[in-house]
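Notes for the structure review
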Amino acid sequence: MPEDLQTMGPVDYLCLEFPAGSLNGSAMPLLLDLVDRRIIRVLDILFVRSGADGSVFTMDGGELDANGLGAFHGAASGMLGGDDLRDIGRVLSPGASAMVLVYENLWAAPLTVQLRRNGAHVVAGGRIPVQDLLAALDATEPAVTSQGG
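What counts, and at which threshold
- Residues numbered from 1 in each chain as written.
- Predicted model: local features only at pLDDT ≥ 70, side-chain atom pairs only at ≥ 80, totals over all residues.
- Heavy atoms only, no water.
- Salt bridge = Lys/Arg side-chain N within 4 Å of Asp/Glu carboxyl O.
- Helix = DSSP H or I, 4+ residues; strand = E, 2+ residues; numbered from the N terminus.
- Buried < 20%, exposed > 50% of the residue type's maximum accessible area, 1.4 Å probe, protein only.
- Pairing = 2+ DSSP bridges.

- With an unreviewed UniProt entry as reference, the protein chain is termed DUF1269 domain-containing protein, source organism Paractinoplanes brasiliensis.

A short note on the pattern of salt bridges
- Counted by the stated rule, this structure contains 6 salt bridges.
- Glu63 is the partner of Arg49 in a salt bridge, and the nearest nitrogen-oxygen pair spans 2.5 Å. In this pair, Arg49 is assigned in strand β2 (residues 40–50) and Glu63 in helix α3 (residues 61–66), connecting sequence segments 14 residues apart.
- Between Arg90 and Asp87 there is a salt bridge, with its nearest N and O atoms 2.5 Å apart.

What to know about the pairing of strand β4 (residues 97–105)
- Of all the 9 residues making up β4, 9 are buried; the element is thus mostly covered by neighbouring parts of the structure.
- Covered by surrounding structure in β4 are Ser97, Met99, Leu101, Tyr103 and Asn105 together with Ala98, Val100, Val102 and Glu104, the residues of both alternating faces.
- Pairing geometry for strand β1 (residues 11–18) and β4, over 8 bridges, is antiparallel. Counted as the bridge partner of Glu17 is Ala98 from β4.
- Direction of pairing for β2 relative to β4: antiparallel, over a ladder of 9 bridges. Each bridged residue has a counterpart across the sheet, and for Phe47 the counterpart in β4 is Met99.

So, in structure tokens, the structure goes:
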């Protein structure tokens, strides 16, 4: 295994859908802050839009500028390709836009490197949607009963 792969943290991806007309760059300074603070390293980022027929197109520089995302023009590494676009097309609503982000969790790299040296390896993983977590927490709260008096 190449040395740089042995020292990498876990890699995740996100595909965030924006309903038609709602994509803008207002959250992007927060993403850039995570990069600047070396919490994550962006391995690839892609902005796409879905056609009415489910086809998916990557956004060009003009579209990125128009949506306040000009800072990301040319930021794609090419890691995401044709098969990924087809997969994205299957989950996006017609007319929606999406940001697809592949990132390394730099914060976890020292821990995961040591765990790998100790012989550990990932056998399962996943992400719990916030809505599911909140629902599970709500289900564990004791029912509030009123005391008659």
